[in-house]
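# Coordinates in review
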Amino acid sequence: MSRLSKLKKNPKAFFIDALIKNSLRFITVTLPVILALLYFGLIASDQYISQSSFVIRSASQQNSLTGLGAFLQNVGFSRSQDDTYSVREYITSRAALNNLEQQGIAVRSFYETKGDLISRFNTLGFNGEQELFYQYYKKKVTVQFDPVSGISTLDVVSFDPKDSYVVNEALLKQAEVLINQLNDRALKDTVKYAQAQVDVAEERVKKASEDLIVYRTKNGVFDLKVQAEGKIGLISKLQDELILLQTQLDQVRAITPDNPQISGLMARERSLKKEIEKQTNAMLSDEDGSMTKQAAEYQRVYLENELAEKQLAAAITALESAKADATRQQLYLEVISAPVEPDFAMLPRRMYNIIATLFIGLMIYGVAVLLLAGVREHKN
């Protein structure tokens, strides 16, 4: 049915329908577009984006490579995505915001005293102003991470190019401080147990050395093995001398039984036998001062000292290995693109927002018209 026939058939309904459509068009399309033109064209303040990019890397070492490939791999770096996420969360955290303010950077004044009334931070008298400002701040500081390249991009938006640059640069420095703290903590945690083992081994070596010194001083023993070898050599020498003496004595008796030297040789023989028996008893007897008795205790003390020294050497090796592993796991923040003061306002996107407002208004208007038409048909 044409509009003219509708007008003739029911003029009142026609005018009401036209009035509703015009009102909807004004509310959903005309008024939003006018407001968008006024705000984005005349009121909205320029916003500047300071951008920087960085990557988190850790030293890598691949023992499977050889030659030039191993050298290039050892001096290179590998990405550490987990730590990248940690840095990303820290940059946008409230702790980072508090650190900025502690450094004397008046971040809140950047967003509270500059910019237009709508874009700037307005508390409107609500409680928890600091929390509200943090929620506002998170929208102005963003970190985007590219998992393919491993590069993180930090964007800081403010109403002044210098403010954006200052905040961006300070956040990068804070990220470097965080990386250093993570490195220190990892190094301490990795080396802590190994250092404790070294300390225990050093105490054991100290005690074992003191026990060995006390035993040697008390028993007059420096090296039981050397001293035993000396006594064995002495006994062997005395036995050889005894054999020669007995041979000589037999010869003298055979040739001149009444030779006056026989008594002297016999006395010398008895003396040698007595000395041999004395030295043998000193080594093999069951008395406390014998070397046989001393050997077990000395061997225990000596072996304890040797084991303690070997344990200390192993603990020191483990400590050096732990330090080397911790060094290979150190993280590094490499700035790929340093922040600069922007010379052109990228925000707000004025024309885009005005056109978007128009299209959204037309869509809402079209849906509203269809709903009204459906209601009218259902009523008829």
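Summary of the structure given here. (Residues numbered from 1 in each chain as written. Predicted model: local features only at pLDDT ≥ 70, side-chain atom pairs only at ≥ 80, totals over all residues. Heavy atoms only, no water.)

### Considering the overall build of the protein
Looking only at helices and strands, the protein features 12 helices and five strands. Looking at the protein residue by residue over its 380 residues, the buried ones come to 32%. When contacts within the protein are restricted to residue pairs at least 6 apart in sequence, long-range pairs at least 24 apart make up 75% of them. (Helix = DSSP H or I, 4+ residues; strand = E, 2+ residues; numbered from the N terminus. Buried < 20%, exposed > 50% of the residue type's maximum accessible area, 1.4 Å probe, protein only. Contact = heavy atoms within 4.5 Å.)

### Section: the environment of Phe159
Position of Phe159 relative to the elements: it lies in the loop between β4 (152-158) and α8 (161-219). Owing to a relative accessible area of 9%, Phe159 belongs among the buried residues under this scheme. Through-space distance from the C-alpha of Phe159 to that of Ile49 is 8.9 Å; in sequence the pair is 110 residues apart. Leaving out residues up to four positions away in the same chain, Phe159 has contacts with Ser45, Asp46, Gln47, Tyr48, Phe110, Tyr111, Lys114, Gly115, Ser119, Arg120 and Tyr136.

### Things to note about the nonpolar core
Within the largest apolar cluster, 31 residues are counted, with the highest numbers of intra-cluster contacts made by Phe54, Ile91, Tyr111, Tyr137, Leu154 and Leu171. If one sorts the elements of this core by residue count, α8 sits on top with seven residues. The residues touching Tyr111, leaving out its near neighbours within four places in the chain, are Arg120, Phe121, Phe133, Tyr136, Lys140, Val156, Val157, Ser158 and Phe159. Core analysis: the next-biggest nonpolar cluster, separate from the first, contains 11 residues, Val191, Ala308, Leu312 and Ala315 among them. (Core = buried A, V, L, I, M, F, W, Y, C linked by side-chain atoms within 4.5 Å.)

### Considering the pattern of salt bridges
Taken as a whole, this structure holds six salt bridges when the rule is applied. The shortest N-O distance in the salt bridge between Arg94 and Glu131 comes to 2.4 Å. Of the two residues, Arg94 is situated in helix α5 (residues 94-102) and Glu131 in helix α7 (residues 129-140); the sequence distance between them amounts to 37 residues. Taking relative accessible area as the criterion, Arg94 reaches 29% and is therefore assigned partly exposed. (Salt bridge = Lys/Arg side-chain N within 4 Å of Asp/Glu carboxyl O.)

### A look at α5
Those residues of α5 that fall on the buried side of the exposure criterion are Ala96, Leu97 and Leu100. Angularly, the buried residues of α5 cover 100 degrees about the axis, an arc narrow enough to put them on a single face. Gly104 sits one or two residues past α5 and shows a positive phi near 90 degrees. (Arc of directions from axis to C-beta.)

### A look at the side chain of Ser53
Structurally, Ser53 can be placed in strand β1 (residues 48-59). Its relative accessible area of 11% is what places Ser53 among the buried residues. With sequence-adjacent residues up to four places away left out, Ser53 is seen in contact with Ile151, Ser152, Thr153, Glu334, Val335, Ile336 and Ser337.

### Here's the deal with the packing of α5 against α7
Interhelical geometry of α5 versus α7 gives an angle of 105 degrees and a closest axis separation of 11 Å. Classified by the angle between their axes, α5 and α7 sit roughly perpendicular to one another. Facing Arg94, Leu97, Asn98, Leu100 and Glu101 of α5, the residues of α7 in contact are Gln130, Glu131, Phe133, Tyr134 and Tyr137. (Axes fitted to C-alpha atoms, helices over the stretch in contact; angles between N-to-C directions. Parallel < 35°, antiparallel > 145°, perpendicular 65-115°, else oblique.)

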